[in-house]
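Examining the three-dimensional arrangement
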Amino acid sequence: MNIPVYVMAGFLDAGKTQFINGALEDGLAATDRTLLLCCEEGEEEYDPLQMRNVTAVNVEDEEELTKAFLKECEKKHRPRQVVVEYNGMWSLDTLWLNLPDNWFIVQTFSFIEAATFENYARNMAQQTMEKVTKADVLVFNRCTPQLAETLRGRNLRMVNRRAQIYLEYPDGSSEDYLTGEESPFDLDQEVIDIPPEDFGVWYVDVMDHPDRYEGRKLHTKVQMMRSAQYPGTMCPGRFAMVCCADDIAFLGLLAKGEMLEQYKNKQWIEVTYQVGLDTHPAYGGAGPVMEMLEAAPCDKAEPEILTY
């Protein structure tokens, strides 16, 4: 049986236990047996009223997190899901590399106290930035308007392009870290390189903010494609799994360049292009166009299918 794993990472007193208590209160373990691996002990305790379907196991040392230990926990407690309150001083790779084959990470949440972030980033850069770069959801707790301005000045979206980032305020309110002004890529580069795993991030950004990229040169891997709906239209891009394996869509952009004529549909090519804007029925108006500068066959990108 495959077992989903939810990881709560962050330094001591960053808000992990509070979040888990809230998730349990909202019904996280209402029907499924849940194994809670507690890798550190903070000031806040778990609500005993919410622990009816939860088995908590303390993990004192990082060296305990072996595949054999985790399989023994599975055998003994028979969980349907696992929640890990992870020690902020331990490397997340220790957990990643020792997960049993039938355990899979669903989401990694990282919690950071906003007021301490700069200090941690200066003095424990590796441990701090790991929490940022490996998070699917990043939460800055106990934020203030001044701290929000400082955090946004760092443009953490360039550090982790896929994470959802939130700012939580002392009064219980929250807001999205992103204002729409932050670019996920360094626009000062002469040629902006789009890593294969981040093509989907770029696709969303260029569709939302085409003016941001107009006139800029970019480099990436794509699959050649010709539009069936608009004959003669070339639209290279990438396949992406939007929400599940049965929901795969093609993320293509209009392209210009005779050099593309030689490539077959779904053939992988490495391209350098300049972004222009043009009107086309596919866009219902103006939209981004890949004006090809260079193209050559290449190996398929990894991952072959993007995920969101």
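If you're wondering where the values come from, they're calculated on a predicted model, not measured in any experiment. Numbering of residues begins from 1 in every chain and follows the order in which that chain's sequence is written. Only residues with pLDDT of 70 or above have their local features reported here, since the model is predicted, and side-chain atom pairs are shown and tallied only from 80 upward, although totals for entire chains, interfaces and linings are computed over all residues. To get the side-chain values, all heavy atoms of the structure are used, and hydrogens and water are removed first.

1. Brief notes about the overall build of the chain
Only runs of H or I of at least four residues qualify as helices and only runs of E of at least two qualify as strands under DSSP, and these elements are numbered from the N terminus. Counting its regular elements, the chain contains 8 helices and 16 strands. Overall, the C-alpha framework of the chain stretches about 65 × 45 × 35 Å when taken along its three principal axes. Think of it in three bands: with a 1.4 Å probe and only protein chains considered, a residue is buried below 20% of the maximum accessible area for its type, exposed above 50%, and partly exposed in between. With 308 residues in all, the chain has 44% of them scored as buried. For the chain, restricting intrachain contacts to residue pairs at least 6 apart in sequence, the fraction spanning at least 24 positions comes to 71%. For accessible areas, the Shrake-Rupley method is used with a probe of radius 1.4 Å. Any residue's cover is judged against the shown protein chains and nothing else. Within the structure as shown, the chain displays about 15900 Å² of accessible surface, and the carbon and sulfur contribution to it stands at 47%. Mean positive and mean negative side-chain charge positions of the chain (28 and 52 charges, respectively) differ by 6 Å. Any two residues whose heavy atoms approach within 4.5 Å are treated as being in contact. Counted as positive: Lys and Arg. Counted as negative: Asp and Glu. His and the chain ends are not counted at all. Charge positions are represented by NZ for Lys, CZ for Arg, CG for Asp and CD for Glu.

2. Focus on the side chain of K16
Looking at where K16 falls in the secondary structure, it is placed in helix α1 (residues 16-25). Any N or O atom pair separated by 3.5 Å or less is treated as a polar contact, with the protein-specific requirement of one donor-capable and one acceptor-capable atom, and with residues adjacent in sequence counted only for side-chain atom pairs. Engagement of the side chain of K16 in a polar contact is seen with the backbone oxygen of G10, the distance being 2.9 Å. Within polar-contact distance, the side chain of K16 engages the side chain of E40 at 2.4 Å. Setting aside chain neighbours within four positions, we find K16 in contact with M8, A9, G10, F11, E40, E85, Y86 and F111.

3. Examining the confidence of the model for the chain
By definition, pLDDT measures how confident the predictor is in each residue, and it falls between 0 and 100. Residue-level pLDDT values for the chain average 93, and 98% of them are 70 or greater. Per-element averaging of pLDDT across the chain places strand β16 (residues 306-307) at the bottom with 84 and strand β10 (residues 217-223) at the top with 98.

4. Re the pairing of strand β6 (residues 137-141)
Most of β6 sits inside the fold, with 5 of its 5 residues counted as buried. Neither face of β6 is exposed, since V137, V139 and N141 on one face and L138 and F140 on the opposite face are all buried. Here, any two strands with at least 2 DSSP bridges between them count as paired. Where strand β5 (residues 103-113) and β6 come together, 5 bridges link them in parallel fashion. Opposite F109, over in β6, you have V137 as the bridge partner. Sheet analysis places β6 next to strand β7 (residues 164-168), joined by 4 bridges and oriented parallel. When the sheet's bridge partners are listed, V137 is paired in β7 with Q164.

5. Observations regarding the nonpolar core
Formed by 26 residues in total, the largest nonpolar core has its most connected members in F199, W202, Y213, L218, L260 and Y273. The set of elements that each furnish at least two residues to this core consists of α7 (199-208), β10, β14 (268-280) and β15 (285-297). As used here, the term nonpolar core means buried Ala, Val, Leu, Ile, Met, Phe, Trp, Tyr and Cys residues forming a set that is joined through side-chain atoms within 4.5 Å.

6. Considering the pairing of β14
Two faces belong to every sheet, and in a regular strand the side chains alternate between them. Two strands pair when backbone bridges link them, and β10 and β14 are joined in this way by 7 bridges, in the antiparallel orientation. When the sheet's bridge partners are listed, K217 is paired in β14 with Q274. For β14 and β15, the ladder comprises 12 bridges, and the chain directions are antiparallel. Counterpart to Y273 in the pairing with β15 is M292. Between β14 and β15, which pair antiparallel and follow one another directly, the connecting turn spans 4 residues, one of which, G284, has a positive phi of 65°.

7. Describing the pattern of salt bridges
We define a salt bridge as a contact between a side-chain nitrogen of Lys or Arg and a carboxyl oxygen of Asp or Glu at a distance within 4 Å. For the coordinates displayed, the defined rule picks out 15 salt bridges. Note that E74 is salt-bridged to K71, the shortest N-O span being 3.0 Å. A residue pair is termed a helical-turn pair when its members lie 3 or 4 positions apart in one helix, as E74 and K71 do in helix α2 (residues 67-77) at 3 residues. Classification of E74 as buried rests on a relative accessible area of 15%.

8. Looking at the sheet that holds strand β2 (residues 34-38)
One open sheet holds the 8 strands; their spatial order is β3-β2-β4-β1-β5-β6-β7-β8, and the pairing between them is mixed. Edge positions in the sheet fall to β3 (54-58) and β8 (174-176), since each of these pairs with one other strand and no more. Each strand of the sheet is rotated relative to its neighbour by a mean of 20°, with strand direction disregarded. Inspection of the sheet shows β7 paired to β8 by 3 bridges, in the antiparallel sense. Opposite Y166, over in β8, you have D176 as the bridge partner. Axis angles are defined between N-to-C directions and span 0 to 180 degrees, where every axis is a line fitted to C-alpha atoms and, for a helix, only to the segment in contact. Running at roughly 145° to strand β1 (residues 3-10), α1 makes contact with β1, β2, β3, β4 (81-85) and β5 of the sheet. Relative to β3, α2 is tilted by about 150°, and along the sheet it contacts β1, β2, β3 and β5.

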